[in-house]
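# A look at the structure
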Amino acid sequence: MQKFPYNKDKQQAFQAAQQGYEEAQGLFATIVSDSASYGHQLKHLKNEVNEAYQQIENALEVASEQQRAQLERFLQDLQNIVSEVNQTE
């Protein structure tokens, strides 16, 4: 039995989590709190953050030790985004 597919799945899961995290970070960076579309932007951000959380949780199930440390940093950063958004609401 080959271990390669498992490692490939592990890498794909990590990459999906990383992409979701980066999309949420990018969206957060572009939100303008005094813009007319702020509510729409905020809703979109919340969806992206929730999706990123799910991708990270999935990746944590199969992550290597090094990936796990990075994924946990992603989770912390996402939590910081949520905290910051909640302070401005």
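The shown structure was predicted, so the numbers you read here are calculated from the model rather than taken from an experiment.

When you go through the protein residue by residue, the secondary structure sums to three helices and zero strands. Scanning the protein from its N terminus toward the C terminus, one meets helices and strands in the order α-α-α. When its C-alpha atoms are laid out on the principal axes, the protein stretches across 55 × 20 × 15 Å. Considering the protein as a whole, with its 89 residues, one finds that 30% of them fall into the buried category. At a minimum sequence separation of 6, the contacts of the protein that also span at least 24 residues come to 67%. Once the 7 positive and 13 negative side-chain charges of the protein are each reduced to a mean point, those two points are 9 Å apart.

Confidence along the protein averages 89 in pLDDT terms, with 91% of residues attaining 70 or more. Element-level pLDDT for the protein is lowest in helix H1 (residues 4-30), with a mean of 88, against a maximum mean of 95 in helix H2 (residues 38-60).

Further remarks concern the environment of leucine 75. For leucine 75, the location among the structural elements is in helix H3 (residues 65-88). The sequence separation of leucine 75 and tyrosine 21 amounts to 54 residues, and the corresponding C-alpha distance is 8.4 Å. What leucine 75 contacts, discounting residues up to four positions off in sequence, is Tyr53, Ile56, Glu57 and Leu60.

Conventions we followed
Residues numbered from 1 in each chain as written. Predicted model: local features only at pLDDT ≥ 70, side-chain atom pairs only at ≥ 80, totals over all residues. Heavy atoms only, no water. Helix = DSSP H or I, 4+ residues; strand = E, 2+ residues; numbered from the N terminus. Buried < 20%, exposed > 50% of the residue type's maximum accessible area, 1.4 Å probe, protein only. Contact = heavy atoms within 4.5 Å. Lys, Arg positive; Asp, Glu negative; His and termini not counted. Charge placed at Lys NZ, Arg CZ, Asp CG, Glu CD. pLDDT = per-residue confidence, 0-100.

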